[in-house]
Amino acid sequence: MTESVAPRSSKVATRLEVVEWRRRMAQESHSVVFTNGCFDLVHRGHVDLLREAKRHGDVLIVGMNDDESVARLKGEGRPLVPASDRAEVIAAFEMVDRVVMFPEDTPGPLIEAVVPDVLVKGEDWALDEIVGRRTVEDAGGRVVRVKLTSDRSTSGLI
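Below is a short write-up of the structure. Quantities reported herein were computed from a predicted structural model and do not represent experimental measurements.

**Considering the sheet that holds strand β2 (residues 32–37)**
Right, so step 1: Within the open sheet, the six strands sit side by side as β1-β4-β3-β2-β5-β6. Their pairing is parallel. Where the open sheet ends on each side, the last strands, each with one partner, are β1 (12–13) and β6 (142–146).
Right, so step 2: In the sheet, strand β5 (residues 118–122) pairs with β6 via five bridges, with the strands oriented parallel. When the sheet's bridge partners are listed, Gly122 is paired in β6 with Val146.
Right, so step 3: Sheet contacts for helix α4 (residues 83–91): β1, β3 (59–65) and β4 (98–102); angle to β3, the most-contacted strand, approximately 160°.

Printed below as a string of structure tokens:
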């Protein structure tokens, strides 16, 4: 018996595809929200963040660190789940409209390319530390810090 793999979700996009899609959303007057993370072991805190992010606009783009950037940020043995699998899991959530991976340690270059209307981060980030804040605010957008679900983290699960 051969094992089959489902085709990539249409929600998982390249940077170029997501930039073009974002342009179409703007032409259709849709408010675009962006958030990001590693999403190595998806847990309740991630789900709550994604739900809350979507509440701040019409469509939600999720930036996801690729495997190499997760390894640099989180250390040896990470990620536990490969990027293609992490992207498919996040894309499966109804509140997520697009998932795009990035190789950099921060989402700064991706945010500069997408220029979302709303940038959402957890309240654990100080406003002046949020990467992409200036890009979004200079374009007339806003940055939203959302409350995190307590006692829910990938590090805690590990």
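**Examining the pairing of β2**
Right, so step 1: Burial runs high along β2: six of the six residues are buried.
Right, so step 2: Pairing between β2 and β3: six bridges, direction parallel. What sits directly across from Phe34, in β3, is Ile61.
Right, so step 3: Handedness of the crossover joining β2 and β3 through helix α2 (residues 44–54) is recorded here as right-handed.
Right, so step 4: Bridge count between β2 and β5: two bridges; the pairing is parallel. By the bridge assignment, Val33 is partnered in β5 with Val118.

**Notes on the pairing of β5**
Right, so step 1: For β5, the tally of buried residues reaches five of five residues, placing the bulk of the element in the interior.
Right, so step 2: Going residue by residue along β5, you find Val118, Val120 and Gly122 tucked away on one face and Leu119 and Lys121 tucked away on the opposite face as well.

**Observations regarding unusual backbone geometry**
Right, so step 1: The step from Arg78 to Pro79 runs through a cis peptide bond, and the omega angle for that step is 0°.
Right, so step 2: With respect to the helices, strands and loops of the structure, Pro79 is situated in the loop between α3 (67–74) and α4.
Right, so step 3: You will see that Ser29, though not glycine, has its phi angle at about 65°, which is positive.
Right, so step 4: Its location among the elements puts Ser29 in the loop between α1 (15–27) and β2.
Right, so step 5: Even without glycine at this site, Val115 takes up a positive phi of about 45°.
Right, so step 6: The topology assignment puts Val115 in the loop between α5 (108–114) and β5.

Conventions and cut-offs
Residues numbered from 1 in each chain as written. Predicted model: local features only at pLDDT ≥ 70, side-chain atom pairs only at ≥ 80, totals over all residues. Heavy atoms only, no water. Pairing = 2+ DSSP bridges. Helix = DSSP H or I, 4+ residues; strand = E, 2+ residues; numbered from the N terminus. Contact = heavy atoms within 4.5 Å. Axes fitted to C-alpha atoms, helices over the stretch in contact; angles between N-to-C directions. Buried < 20%, exposed > 50% of the residue type's maximum accessible area, 1.4 Å probe, protein only. Right-handed = clockwise from strand over helix to strand, strands pointing away.

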